[in-house]
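As a plain string of letters, each chain reads:
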Amino acid sequence: DTEVTQTPKHLVMGMTNKKSLKCEQHMGHRAMYWYKQKAKKPPELMFVYSYEKLSINESVPSRFSPECPNSSLLNLHLHALQPEDSALYLCASSQERVRGYTFGSGTRLTVV
Amino acid sequence: KQEVTQIPAALSVPEGENLVLNCSFTDSAIYNLQWFRQDPGKGLTSLLLIQSSQREQTSGRLNASLDKSSGRSTLYIAASQPGDSATYLCAVFPNFGNEKLTFGTGTRLTIIP
């Protein structure tokens, strides 16, 4: 299995809702990442988990809460989001630098 | 702070032509460089990964080169096809510190049938 799987592919949520994005990989990669991408912009790093521990938090608002239950799963819990949080959310994983990153297909999030 | 730039931001070429996409980075202390393709609203697909010790990598019609000393990489696409239309992103890994990938600004490529 050489894929990173993200669910759901699309999500529409109200500003008072709580939802979660899920990411799964079975490549044995030790690092997993969440990125946010706005239209026509490159991806922006949000969080990095290394060996299931949060190693980087790019000053993301607390309405985004990451969780890494085990080495294969990464969640992003969403609560009280704003319309400007609407974006494509990408998950990625890597084993070591020499092999680069593998990205998922993303979740298109719309906050109404 | 590493900055990665891709010029041009958009490019349109007729089908069948060969083309080159450019990527420039300000800090030459990179571990490797990765080229990605992104279709509208989709995730990133890895195309080629070049280690800092390598000069080029090839996959099918794609060839990526790396000149670390001048802070430049190019992605060469031979015999372009309409299916090559997408946004192409380069990204660099730092030599030291955390594993934070720095992305380029992207080139939106359109192949005209």
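See above for the structure.
Conventions we followed
Residues numbered from 1 in each chain as written. Chains lettered and ligands numbered in written order. Predicted model: local features only at pLDDT ≥ 70, side-chain atom pairs only at ≥ 80, totals over all residues. Heavy atoms only, no water. Helix = DSSP H or I, 4+ residues; strand = E, 2+ residues; numbered from the N terminus. Rg over C-alpha atoms; globule rule 2.2 N^0.38 Å. Buried < 20%, exposed > 50% of the residue type's maximum accessible area, 1.4 Å probe, protein only. Core = buried A, V, L, I, M, F, W, Y, C linked by side-chain atoms within 4.5 Å. Pairing = 2+ DSSP bridges. Contact = heavy atoms within 4.5 Å. Buried area = accessible area lost by both parts, 1.4 Å probe. Salt bridge = Lys/Arg side-chain N within 4 Å of Asp/Glu carboxyl O. Polar contact = N/O pair within 3.5 Å; in protein donor to acceptor, adjacent residues only side chain to side chain. Nonpolar A, V, L, I, M, F, W, Y, C, P; charged D, E, K, R; others polar.

Q: Hey, could you go over the overall build of chain A for me, with residue numbers and the actual values?
A: Broken down by element type, chain A carries 0 helices and 11 strands. Along its sequence from the N terminus, chain A presents helices and strands in the succession β-β-β-β-β-β-β-β-β-β-β. The C-alpha atoms of chain A give 13 Å as radius of gyration, which agrees with the globular expectation for 112 residues (13 Å, within 12%). Residues classed as buried in chain A amount to 47% of the 112 residues present.

Q: Explain the nonpolar core to me, and be specific about the residues and the numbers.
A: Counting residues in hydrophobic clusters, the biggest one holds 23 residues, and the most contacted among them are Leu 33, Trp 35, Leu 75 and Tyr 88 of chain B. Among the elements of the structure, β3 (19-25), β4 (30-38), β5 (44-51), β7 (62-67), β8 (72-77), β9 (86-94) and β11 (107-112) of chain B are those that each provide at least two residues to this core. Counting 22 residues, the second largest nonpolar core, distinct from the first, contains Trp 34, Tyr 49, Val 60 and Cys 91 of chain A.

Q: Explain the sheet that holds strand β6 (residues 56-59) of chain B to me, using residue names and the numbers behind them.
A: If you trace the 5 strands from one edge of the open sheet to the other, you get β1-β3-β8-β7-β6 (chain B), paired in antiparallel fashion. Edge positions in the open sheet fall to β1 (4-5) and β6 of chain B, since each of these has one partner strand only.

Q: Mind laying out the interface of chain A and chain B, listing which residues take part and the relevant values?
A: Across the contact, 22 residues belong to chain A and 26 residues belong to chain B. With both chains or domains summed, chain A and chain B bury close to 1800 Å², and 55% of this area falls on carbon and sulfur atoms. Our enumeration of links across chain A and chain B arrives at 0 salt bridges. For the pair chain A and chain B, the number of links is 3 residue pairs in polar contact (both at pLDDT 80 or more). Taken together, the residues of the side of chain A that touches chain B break down into 11 nonpolar, 5 polar and 6 charged.

Shape descriptors only; they carry no functional weight alone.
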